[in-house]
Amino acid sequence: MPYRRVGRSGIQLPAISLGLWQNFGDDRPLAGSRAILRRAFDLGITHFDLANNYGPPYGAAETNFGRIFKEDFAPYRDELIISTKAGYDQWPGPYGEFGSRKYLLASLDQSLARMGLDHVDIFYSHRFDPRTPLEETMGALASAVGQGKALYVGISSYSPERTEEAIQILAGLGTPLLIHQPSYSLLNRWIEHGLLEVLESHGVGAIVFSPLGQGLLTDRYLQGVPEDSRVRRGEAFAEQLLSDENLARVRALNEIAARRGQSLAQLAIAWVLRDQRVSSALIGASSVSQLEQNVLALSNLDFTAEELVEIERYAVDSGINIWSPSSDA
């Protein structure tokens, strides 16, 4: 497993990290979640990424992770980077979402209790809150570090302009921004329009989520939409995004992957890692075999100039950035 430095910080992340957004809630057997986490660690994946409302139900992924951590990973705590986030809806009423100090710090306390931890390594503001002063949101992140409940802070799905503001505010508070977590894939390239430049200029890292386009950049949809897919269940992008045009792009990219001796998913992961400003690609996994196949992307990270030119014809924004309300704010 290669590791990459996070901006100009002292932290390195595995080139592939494991996210617990899907497949770690109460709708899945705990034994399956445990097997995935164990195999990930054995493969050199030392970063596990969570959020307060990952489930289902909300909080279940953290609770299940906490059970597995206590039984399997507690002796290896200092070999792990564990992160969580707050920003989306978590509990009823006006204090259970967005970016207020009250919500962020209360949510972090709840997350720590669910996971059985005294601190996380990274605590994120999960989305920009247009109704709360950014000074308040960033001040809450800095307080989490000051209280010893987080070692580093991050933001997710912030625009380049808001990211610049957040960096300046946190610098003034003596708690530098470690990392930004945006969506990024062959079909969702918004971070190339200013965000990566902002991060590079300030020495901030990037860990990109949904590099497989929520499953679109796999072999899942090459022959149509399976009845048991996340799209059919309403858990991913809208089904209308599986247009003939988008599917034609996916099939063309699949042909390029085949010529490289890779699956489409492996190509998609390798492609986001082609940029050294990307510290890690954050993937999910529904099985040990799927995890192992996706990690094999690391065996071929090099692209020829000709391959990149050909990929560029099909790697276009395709309307799958469902987090744009935050990144456009």
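Residues numbered from 1 in each chain as written. Predicted model: local features only at pLDDT ≥ 70, side-chain atom pairs only at ≥ 80, totals over all residues. Heavy atoms only, no water.

A. Representation of the packing of aromatic side chains in the model. Under the defined criterion, the tally for this structure stands at ten aromatic pairs. Geometrically, the ring pair formed by F65 and F69 is tilted, given 6.1 Å between the ring centres and 35° between the ring planes. Pair noted here: F65 and F69 are both in helix α2 (residues 60-73), with a separation of four residues, about one helical turn. Each of the two residues, F65 as well as F69, counts as buried. With a centroid separation of 4.7 Å and 85° between ring planes, the pair formed by F209 and W323 is classed as edge-to-face. Of this pair, F209 sits in strand β9 (residues 205-209) while W323 sits in the loop between α10 (305-314) and α11 (324-327), placing them 114 residues apart in sequence. For the pair formed by F209 and W323, the shared burial category is buried. (Phe/Tyr/Trp six-rings, centres within 6.5 Å; stacked < 30°, edge-to-face > 60°. Helix = DSSP H or I, 4+ residues; strand = E, 2+ residues; numbered from the N terminus. Buried < 20%, exposed > 50% of the residue type's maximum accessible area, 1.4 Å probe, protein only.)

B. Fine view of the pairing of strand β10 (residues 278-283). In terms of burial, β10 is largely enclosed, as six of its six residues are buried. Looking at chain direction, strand β3 (residues 16-19) and β10 are connected through three bridges and run parallel. Paired with I16 across the bridge in β10 is A281. Across four bridges, β9 lies against β10 in parallel orientation. Note that in β10 the partner of F209 across the bridge is L282. (Pairing = 2+ DSSP bridges.)

C. Expanded view of the packing of helix α5 (residues 160-172) against helix α6 (residues 195-202). At a minimum axis distance of 9 Å, the contact between α5 and α6 shows a crossing angle of 20°. When the interaxial angle is binned, α5 and α6 end up roughly parallel. When you trace α5 past α6, the crossing you get is right-handed. Residues P160, T163, E164, I167 and Q168 of α5 touch α6, and the partners they reach there are L195, V198, L199 and H202. (Axes fitted to C-alpha atoms, helices over the stretch in contact; angles between N-to-C directions. Parallel < 35°, antiparallel > 145°, perpendicular 65-115°, else oblique. Left-handed = near helix turned anticlockwise from the far one by under 90°. Contact = heavy atoms within 4.5 Å.)

D. Examining the nonpolar core more closely. Of all hydrophobic cores here, the largest spans 91 residues; its most connected members are L18 and F48. Sorting elements by how many residues they give to this core places helix α8 (residues 264-272) first, with eight residues. (Core = buried A, V, L, I, M, F, W, Y, C linked by side-chain atoms within 4.5 Å.)

E. Examining the pattern of salt bridges more closely. Here the structure, examined in full by the defined rule, presents 20 salt bridges. A salt bridge links R34 to D72, with the nearest nitrogen and oxygen atoms 3.0 Å apart. A residue pair is termed long-range when its members are at least 10 positions apart, and R34 in helix α1 (residues 30-42) and D72 in helix α2 qualify at 38 residues. Since its relative accessible area comes to 16%, R34 is described here as buried. One salt bridge connects R260 with E307, and the closest N-O pair in it is separated by 2.9 Å. Here R260 is found in the loop between α7 (244-259) and α8, whereas its partner E307 is found in helix α10, with 47 residues between them in sequence. We note that R260, like E307, is buried. Among the ionic contacts, a cluster of salt bridges with common partners joins R34, R38, E71 and D72. (Salt bridge = Lys/Arg side-chain N within 4 Å of Asp/Glu carboxyl O.)

F. Structural view of the side chain of N294. Checked against the element boundaries, N294 lands in helix α9 (residues 288-295). With residues up to four places along the chain from it excluded, the contact list for N294 reads I16, L212, A265, I269, I283 and G284.

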